[in-house]
Amino acid sequence: MALKFPIFMDAQSTTPCDPRVVEAMLPYFTEKFGHPASRNHPFGWEAEGAVDAARQKLARLIGARDPKELVFTSGGTEAINLALKGAAEMYREKGNHIVTTVIEQRAGLDTCKRLERQGFEVTYLPVGPGGLVDVDEVRKAITNKTILVSVMFANNEIGTLQDIAGLGRLAKEKGVIFHTDATQAVGKVPVNVEALGVDLLSCTAHLMYGPKGVGALYVRRKGPRVRLAPMIDGGGHERGMRSGTLPVPLIVGFGRAAEICEEIMPEESARLATLRDRLQDLILSSVDEAFLNGDPERRLPQNLNISFAYVEGESVLMGLNRETALSSGSACTSATLEPSYVIAALGASTELAHSSIRFSLHRFNTEEEVEVVAKRTIEVVKRLRDMSPLYELAKEGVDLKSIQWKAE
Ligand SMILES: Cc1ncc(COP(=O)(O)O)c(C=O)c1O
């Protein structure tokens, strides 16, 4: 098949919607348009049945005991807000301390910042050079005022997978609630809230080949029963935790996306890991001073993050963007020129944090696309370095740190 440009390898910003998902959604925009809370006619029953079926599919994918443990939201951001703010408000009498990490996505970090302004205390734990948070550090951070631990499942930039089972055990032992932002993990790697001891889990459809505008929060109902103060008041939908008319077509799509992910996950993750490894080998074997970011083993199969010394990540992206869609960080911060706070948290220099590129593969990428993206990336990095006086000096053996740049 002829290659189609631009090639999309930015699937950790969003995934393309699977055509099977679109097909499942379509009737719910047209003939099956009922309101799921209309209890007194067949249009409502049909919509309610469709929402229930989707809820069951998602519950199965994440190993929830009861589909009622899922609350539909507008996406991952809202699910994370509800988890953190909802738990903070509900358990305020018990304590005012939250433990999280410095590499959470902005939805988690900004929500914590707001809670700090409201009198909560938040500990932001550092991560190791591979992006892993040490469970013992979390243990040390927990005090008798701690109500919640929130650690992301898989990082959106470097793909690092945290020790969720270890954190779940610790949370149980200490009697604190454990939330994980699993928006990048659900549908990509096995997730089982029961086996992992997760109490609250956020996820989103648009990162698992579903539509944008719908997400979910898993809220444990048994052992312990977690209660949340709602953030949106209204008709009492979603068992009072999130009012508002449910977007039935989007929820149907979310359910279908979950079903497909569950069905093909072992085969798909193996295929994407092979493609990712090929991309990594091609690039690292032909570009010097290119560094892999994140843990090389404990990471999402579709993620590859590399820093190219002496070139700006943004320049690489500009050199490639007519034919390849990549990212220099998360979609929400790539509008600013700040270096990646995630890469900086790994202990990298500001220069290397500025030079990171994220390649994230998806279900429809091919081997041919991987070859082309690798080839073009290598060309662009080499061309930029040819124009870089810094690279030239470094190649001549000059220690760049020893140079006094300031004019007298
Ligand atoms: C780790 C992580 N958390 C949360 C979100 C926000 O999810 P949404 O875009 O559905 O609001 C994203 C989005 O990319 C993400 O990568």
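Note that the structure is predicted; figures quoted are calculated from it, not measured. (Residues numbered from 1 in each chain as written. Predicted model: local features only at pLDDT ≥ 70, side-chain atom pairs only at ≥ 80, totals over all residues. Heavy atoms only, no water.)

1. Brief notes about the site of the ligand
Next, step 1: Taken together, 13 residues lie around the ligand, and G76, T77, D181, Q184 and T204 are the ones closest in.
Next, step 2: Here G76 contributes a backbone N or O atom positioned 2.7 Å from an oxygen atom of the ligand.
Next, step 3: Look at the ligand: alone it shows 390 Å² of surface, and the protein chains cover 85% of it.
Next, step 4: The greatest single-element share of the shell around the ligand, amounting to 3 residues, is contributed by helix 3 (residues 76-90).
Next, step 5: Across the shell around the ligand, the residue classes break down as 3 nonpolar, 9 polar and 1 charged. (Near = heavy atom within 4 Å. Polar contact = N/O pair within 3.5 Å; in protein donor to acceptor, adjacent residues only side chain to side chain. Areas by Shrake-Rupley, 256 points an atom, 1.4 Å probe, with all protein chains shown as cover. Helix = DSSP H or I, 4+ residues; strand = E, 2+ residues; numbered from the N terminus. Nonpolar A, V, L, I, M, F, W, Y, C, P; charged D, E, K, R; others polar.)

2. Focus on the environment of R221
Next, step 1: Examined against the element boundaries, R221 turns out to sit in the loop between strand 8 (215-219) and helix 8 (248-286).
Next, step 2: As a C-alpha pair, R221 and R65 span 156 residues in sequence and 8.9 Å in three-dimensional space.
Next, step 3: Non-local contacts of R221, meaning those with residues more than four positions away in its chain, are made with D66, K68, E69 and R239. (Contact = heavy atoms within 4.5 Å.)

3. A look at the domain arrangement of the chain
Next, step 1: Taken domain by domain, the chain consists of domain 1 (7-13 + 265-392) and domain 2 (19-260).
Next, step 2: In this complex, domain 1 contributes 31 residues to the contact, which on the side of domain 2 involves 35 residues.
Next, step 3: Where domain 1 abuts domain 2, roughly 2,600 Å² becomes buried across the two surfaces, and 56% of that area is made up of carbon and sulfur atoms.
Next, step 4: Where domain 1 packs against domain 2, one counts 13 residue pairs in polar contact (both at pLDDT 80 or more).
Next, step 5: For the side of domain 1 that touches domain 2, the secondary-structure elements that each account for two or more residues are helix 8, strand 10 (303-308) and helix 10 (341-345).
Next, step 6: Counted by class, the side of domain 1 that touches domain 2 contains 12 nonpolar, 13 polar and 6 charged residues. (Domains from an automatic or database assignment. Buried area = accessible area lost by both parts, 1.4 Å probe.)

4. Let's talk about helix 2 (residues 42-62)
Next, step 1: Counted at 1.5 Å a residue, the expected span for helix 2 with its 21 residues is 30 Å, and the 30 Å between its end C-alpha atoms agrees.
Next, step 2: Within helix 2 the residues assigned to the buried category are G44, A47, A50, V51, A54, R55, L58, A59, L61 and I62.
Next, step 3: Lining the buried residues of helix 2 we find strand 2 (70-73), helix 7 (193-196), strand 7 (200-204), strand 8 and helix 8. (Expected span 1.5 Å × (residues − 1). Buried < 20%, exposed > 50% of the residue type's maximum accessible area, 1.4 Å probe, protein only.)

5. Brief notes about the nonpolar core
Next, step 1: L201 and L279 are the most contacted members of the largest nonpolar core, which has 96 residues in total.
Next, step 2: Broken down by element, the residue count for this core peaks at 16 residues, all from helix 8.
Next, step 3: In contact with L279, not counting residues within four places along its chain, are M9, L304, F359, L361, V370, V373 and A374.
Next, step 4: Formed by 24 residues, the second largest nonpolar core is a distinct cluster that contains I80, L84, A87 and L115. (Core = buried A, V, L, I, M, F, W, Y, C linked by side-chain atoms within 4.5 Å.)

6. Thoughts on the pairing of strand 6 (residues 177-181)
For a regular strand, side-chain orientation follows a simple rule: the groups alternate between the two sheet faces.
Next, step 1: The element strand 6 is largely enclosed, with a buried count of 5 among its 5 residues.
Next, step 2: Neither face of strand 6 is left uncovered, since the one carrying I177, H179 and D181 and the one carrying F178 and T180 both have all their residues buried.
Next, step 3: The pairing of strand 5 (residues 146-150) with strand 6 spans 3 bridges and is classified as parallel. Directly across from L148, in strand 6, lies its bridge partner I177.
Next, step 4: In terms of handedness, the path from strand 5 via helix 6 (residues 164-174) over to strand 6 forms a crossover that is right-handed.
Next, step 5: Pairing between strand 6 and strand 7: 3 bridges, direction parallel. Each bridged residue has a counterpart across the sheet, and for D181 the counterpart in strand 7 is S202. (Pairing = 2+ DSSP bridges. Right-handed = clockwise from strand over helix to strand, strands pointing away.)

7. Quick look at the sheet that holds strand 7
Next, step 1: Spatially, the 7 strands line up as an open sheet ordered 2-8-7-6-5-3-4, and their pairing is mixed. Edge positions in the sheet fall to strand 2 and strand 4 (121-125), since each of these pairs with one other strand and no more. With strand direction ignored, the average angle separating the axes of adjacent strands in the sheet is 20 degrees.
Next, step 2: Relative to strand 4, helix 4 (residues 106-117) is tilted by about 145 degrees, and along the sheet it contacts strand 3 (97-101) and strand 4. (Axes fitted to C-alpha atoms, helices over the stretch in contact; angles between N-to-C directions.)

8. Comments concerning the side chain of T73
Next, step 1: Locating T73 in the fold gives a position in strand 2.
Next, step 2: At 2.8 Å, the side chain of T73 and the backbone oxygen of G75 are in polar contact.
Next, step 3: Every residue in contact with T73, bar those within four places of it in the chain, is listed here: E78, A79, G213, V214, G215, A216, L217 and R242.

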